[in-house]
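Tertiary structure, described
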Amino acid sequence: MPIRTASAQWQGNLTEGSGTVRTGKGGLSGNYSFKSRFEEGEGTNPEELIAAAHAGCFSMAFSKALADAGTTATSVETTAKVHLDKTDAGMTVTRIDLETVGQVPGIDDAEFQKLAEAAKANCPISRLLSPGAEITLSARLAS
């Protein structure tokens, strides 16, 4: 399997400085700063990038779980909400809420929920993050 890379560059001190992040193949790049991370400033931040990675990983894992069960999804759309909180140990990602909506013909809700939970457990990004952060899942079949 290939090794994936990304890079970050930062200039200045923590609160007044700024930087850029870029994925290895250049598919994503963006500016980040103290304000984009800890306030509501323009730009991205590490937690958004984790959210994007988790949403993408989960959507792919769920699609695979559905296909392995004999059902092909028309679409799986996932949002990941990463909670960054101040703890005794410092700033910590404490929870990630996955919210997914699947358009999956011919499946009942019980099977849909079972496969969504399995995808959450088997997604490599979930496995990476779950020892340190609670991961919740809200899965809904599209009407």
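Data block above holds the structure.
Below is a summary of the structure that appears in this document. Owing to the predicted nature of the structure, the values given are computational and were not obtained by experimental measurement. (Residues numbered from 1 in each chain as written. Predicted model: local features only at pLDDT ≥ 70, side-chain atom pairs only at ≥ 80, totals over all residues. Heavy atoms only, no water.)

1. A closer look at the sheet that holds strand β6 (residues 134-141)
Strands sit in the order β4-β5-β6 across an open sheet of three strands; the sheet is mixed. Across the chains shown, the open sheet's two edge strands, defined by having one partner strand only, are β4 (75-87) and β6. Averaged over all pairs of adjacent strands, the angle between their axes in this sheet comes to 15°, without regard to strand direction. Relative to strand β5 (residues 90-103), β4 is paired through 13 bridges, and the arrangement is antiparallel. (Pairing = 2+ DSSP bridges. Helix = DSSP H or I, 4+ residues; strand = E, 2+ residues; numbered from the N terminus. Axes fitted to C-alpha atoms, helices over the stretch in contact; angles between N-to-C directions.)

2. Regarding the pattern of salt bridges
Here the structure, examined in full by the defined rule, presents six salt bridges. Note that Arg95 and Asp97 form a salt bridge whose closest N and O atoms lie 2.8 Å from each other. Judged by its relative accessible area of 12%, Asp97 is buried. Two residues, Lys120 and Glu117, come together in a salt bridge whose shortest N-O distance is 3.6 Å. Here the residue Lys120 and the residue Glu117 both occupy positions in helix α3 (residues 109-122), the gap between them amounting to three residues, near one helical turn. When its relative accessible area of 38% is taken as the criterion, Glu117 is described as partly exposed. (Salt bridge = Lys/Arg side-chain N within 4 Å of Asp/Glu carboxyl O. Buried < 20%, exposed > 50% of the residue type's maximum accessible area, 1.4 Å probe, protein only.)

3. Considering a nonpolar patch on the surface
Nonpolar side chains collect at one region of the surface, where Trp10, Leu14, Phe38 and Met91 lie side by side and expose about 380 Å² of accessible area between them. As for its placement among the helices and strands, Phe38 is situated in helix α1 (residues 34-38). (Patch = residues over 30% accessible without salt bridge, like charges linked within 9 Å, V, L, I, M, F, W, Y side chains within 5 Å. Areas by Shrake-Rupley, 256 points an atom, 1.4 Å probe, with all protein chains shown as cover.)

Scope: geometric values only; no functional claims are made or implied.
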